[in-house]
Amino acid sequence: MTMASLFRITNILKPSSRSFATAVQKQVASKSEPNTHFKITLRRSAIALGERKKETLVALGLHRRMQTVYHVHSPEAAGKILKVKELVEVENVPAKAVRSQSEQRKERKASRGYQVQGTKLGGFAWETS
């Protein structure tokens, strides 16, 4: 399929929706590497829901809102996602896009805004010993 035919299809299906066209563009752009993981983000709280839904979220590794976890494509993960589909946002991502918790934390952390070059004494206090 060419890019022009994909845009024609999106215009026929949903002419007023730009998000659908953007999603199609992302899928076409990422054709070079296969999607092997689910990126699952908890968007809604499960406070008022039953224990089964809460247990499913714990089994997925989701404990708080806006938390993101990655799971390999498998029937088990897909079944768990379907059980809580109203609460989560799911994306298919390639293996190179998978981030660990520490990597996600580093990406969120703001830069210090400055860089230490040295001191007037010629070195750092911990370097002279």
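Being a predicted model, the structure only gives us computed values, none of them experimental.

### A few points about the pattern of salt bridges
Scanning all chains against the criterion turns up five salt bridges. Ionic pairing is found between glutamate 86 and lysine 53, a salt bridge with its closest N-O pair at 3.8 Å. Residue glutamate 86 is found in the loop between helix H4 (75–83) and strand E3 (88–94), and its partner lysine 53 is found in helix H3 (residues 51–60); the two are separated by 33 residues along the sequence. Residue class for glutamate 86 comes out partly exposed when judged on its relative accessible area of 48%. On the basis of relative accessibility, which here comes to 29%, the residue lysine 53 falls in the partly exposed class. Put simply, Lys53, Lys85 and Glu86 are held in one network by salt bridges that share partners.

### A few points about the side chain of histidine 37
On the secondary structure map, histidine 37 appears in strand E1 (residues 35–42). Its relative accessible area of 15% is what places histidine 37 among the buried residues. Here the side chain of histidine 37 touches threonine 36 through a polar contact of 2.8 Å, side chain to side chain. Setting aside its immediate chain neighbours within four residues, histidine 37 contacts His71, Val72, His73, Glu91, Asn92, Val93, Ala95 and Val98.

### Section: the nonpolar core
Membership of the largest hydrophobic core comes to 13 residues, with the highest contact counts inside it found for Ile40, Leu42, Leu57, Leu62, Val84, Leu87 and Val88. Where this core is concerned, the elements lending two or more residues are E1, H3 and H4. Sort the elements by how many residues they give to this core and E1 lands first, with three residues.

### Structural notes on the side chain of threonine 68
Here threonine 68 is to be found in strand E2 (residues 68–72). On the basis of relative accessibility, which here comes to 16%, the residue threonine 68 falls in the buried class. Here threonine 68 is in contact with Lys39, Ile40, Thr41 and Gln104, once residues within four sequence places are set aside.

### Quick look at the environment of valine 93
Among the structural elements, valine 93 can be located in strand E3. Other than its neighbours up to four places away in sequence, valine 93 contacts Asn35, Thr36, His37, Lys39 and Tyr70.

### Here we look at the confidence of the model for the protein
On average, the protein scores 79 in pLDDT, and the residues at 70 or more come to 67%. Counting interchain partners and residues more than four positions distant, the pLDDT-below-50 stretch residues 5–22 has 11 contacts.

### Quick notes on the pairing of E1
The sheet contact formed by E1 and E3 spans seven bridges and is antiparallel. Bridge pairing links lysine 39 to glutamate 91 in E3.

### Topic: the environment of serine 100
Summarising the element assignment, serine 100 is placed in the loop between E3 and helix H5 (101–108). A C-alpha to C-alpha distance of 8.3 Å links serine 100 and tyrosine 70, two positions 30 residues apart in sequence. A distance of 3.2 Å separates a polar atom in the side chain of serine 100 from a polar atom in the side chain of serine 102.

The rules we used
Residues numbered from 1 in each chain as written. Predicted model: local features only at pLDDT ≥ 70, side-chain atom pairs only at ≥ 80, totals over all residues. Heavy atoms only, no water. Salt bridge = Lys/Arg side-chain N within 4 Å of Asp/Glu carboxyl O. Helix = DSSP H or I, 4+ residues; strand = E, 2+ residues; numbered from the N terminus. Buried < 20%, exposed > 50% of the residue type's maximum accessible area, 1.4 Å probe, protein only. Polar contact = N/O pair within 3.5 Å; in protein donor to acceptor, adjacent residues only side chain to side chain. Contact = heavy atoms within 4.5 Å. Core = buried A, V, L, I, M, F, W, Y, C linked by side-chain atoms within 4.5 Å. pLDDT = per-residue confidence, 0-100. Pairing = 2+ DSSP bridges.

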